[in-house]
Amino acid sequence: MKILVDADAFIAMNIETDELRKKTIQCIDWLEKKDPDFYVTWDVIDEVSTKLRYAANKETAFQFLDEVYSGRYEVILPVEDFVFRSLKIFKEIVPKHTSLTYCMNIAVYRKLEMDVIFSFDKGYKKAGLTLLQEVVLKY
Amino acid sequence: MVYGVYMKRKQVMLTPELNYQLEQLAKKRGSSASLVVREALAVYVVDSRNEQKKKKKMKPVDGMKNMLKNSFKGGPEDLSTNDWYLYGPDVK
């Protein structure tokens, strides 16, 4: 199972009081019975480490960085092909609050044929991606 | 020096302290600084490889559980859902 992990899930894993914490734990418990392959885009690494360092502390940010570079994740770097795909999506998407990180995730998900995205952002569903939570709730 | 074995030359910058310790160790062993560096690097490479293998043996989900266990206590509840923390308040 190919899973692209998004920033909101990573933050909920690292911040005990986060509002998505319970849903995130539920997803992780479900994943324990599976044999997932995790993918993460560089853009997500950038966003999560910056947010954690600002809003929590640098140790939490370092823990996150150590984990994504532990060999348990495939880190997707923003190579030209992904960049152009994400820019195209960025121009096509209507809502104002759209980040390039979000568009990069959609581009990578489609190009690398991910099964699900570990995120709670309903915008991905509108873009045709499958949220991990939807799959978890079916079981 | 092992004659007949192909070697590649690498230039390495050392701090004066490390250089002193390297020279002392080489002197004590009766060998060259190059040999000591080669031996140390060989051990380091093997250790790093073993460490990487050990990490890979961990299930991917175990890493996530580690983060849950060692997560930051406190912090804003909406950090995962609010991009205000990255981009600042919405400017109309």
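Our subject is the structure that appears above.
Note that the coordinates shown come from a computational prediction; the quantities given were computed from them, not determined experimentally.

How each quantity is defined
Residues numbered from 1 in each chain as written. Chains lettered and ligands numbered in written order. Predicted model: local features only at pLDDT ≥ 70, side-chain atom pairs only at ≥ 80, totals over all residues. Axes fitted to C-alpha atoms, helices over the stretch in contact; angles between N-to-C directions. Helix = DSSP H or I, 4+ residues; strand = E, 2+ residues; numbered from the N terminus. Parallel < 35°, antiparallel > 145°, perpendicular 65-115°, else oblique. Left-handed = near helix turned anticlockwise from the far one by under 90°. Contact = placed C-beta atoms within 7 Å. Nonpolar A, V, L, I, M, F, W, Y, C, P; charged D, E, K, R; others polar. Expected span 1.5 Å × (residues − 1). Buried ≥ 20, exposed ≤ 12 C-beta atoms within 10 Å, placed from the backbone. Pairing = 2+ DSSP bridges.

Q: Where do I start with the packing of helix H5 (residues 80–92) of chain A against helix H6 (residues 100–111) of chain A in this structure?
A: The geometry of a pair of packed helices is captured by two quantities: the angle between their axes and the separation between those axes. All names here are of chain A. It is the contact of H5 with H6, at a shortest axis distance of 8 Å, that shows an interaxial angle of 120°. By the angle between their axes, H5 is oblique relative to H6. Between H5 and H6 lies a crossing of right-handed hand. Residue-level inspection shows Phe82, Arg85, Ser86, Ile89 and Phe90 of H5 in contact with H6, the latter providing Leu100, Cys103, Met104, Ile106, Ala107, Val108 and Lys111. Grouping the constituent residues of the contact of H5 with H6 by class yields 9 nonpolar, 1 polar and 2 charged.

Q: Looking at this model, I keep getting lost on helix H3 (residues 42–55) of chain A. Mind explaining?
A: Three- or four-residue spacings in an α-helix give side chains the same orientation, since the helix completes a turn every 3.6 residues. Spanning 14 residues, H3 of chain A covers 20 Å between terminal C-alpha atoms, matching the ideal 20 Å at 1.5 Å per step. Residues of H3 of chain A that are buried include every one of Asp43, Val44, Ile45, Glu47, Val48, Lys51, Leu52 and Ala55 of chain A, and no others. At its buried positions, H3 of chain A is contacted by helix H1 (7–14), strand S2 (37–41), helix H4 (58–68), strand S3 (73–76) and H6 of chain A together with helix H4 (84–87) of chain B.

Q: Help me understand the environment of Val37 of chain B, please; the structure alone is not making it clear to me.
A: Residues and elements named next belong to chain B. Turning to its location among the elements, Val37 is positioned in helix H2 (residues 33–57). Classification of Val37 by C-beta neighbours within 10 Å gives partly exposed; the count is 16. Measuring from C-alpha to C-alpha, the distance between Val37 and Arg9 comes to 12 Å, with 28 residues separating the pair along the chain.

Q: Explain the environment of Glu134 of chain A here, please?
A: Residues and elements named next belong to chain A. Mapped onto the secondary structure, Glu134 falls in helix H8 (residues 132–138). Judged by local crowding, Glu134 falls into the exposed class, with 11 C-beta atoms found within 10 Å. Distance from Glu134 to Leu52, taken between C-alpha atoms, is 27 Å for residues 82 residues apart in sequence.

Q: In this structure, what is going on with the interface of chain A and chain B? I would like to understand it.
A: Note: interface size is frequently given as the accessible area lost on complex formation between the parts. With 33 residues of chain A at the contact, the number on the chain B side is 26 residues. Along the lines of polarity and charge, the residues of the side of chain A that touches chain B split into 14 nonpolar, 10 polar and 9 charged.

Q: Just checking my understanding: could you explain the sheet that holds strand S1 (residues 2–5) of chain A for this structure?
A: Pairing between the strands of a sheet is mediated by backbone hydrogen bonds and can be parallel or antiparallel. Residues and elements named next belong to chain A. In space, the 4 strands of this open sheet follow the order S3-S2-S1-S4, with parallel pairing throughout. Whereas interior strands pair on both sides, the edge strands pair on one side only; in this sheet they are S3 and strand S4 (116–118). Averaged over all adjacent pairs, the angle separating strand axes in this sheet is 30°, with direction ignored. The pairing of S2 with S3 spans 4 bridges and is classified as parallel. Note that in S3 the partner of Val40 across the bridge is Val75. Contacting S2 and S3, H3 crosses the sheet at an angle of about 75° to S2.

The quantities given are spatial measurements derived from coordinates; they are silent on function.
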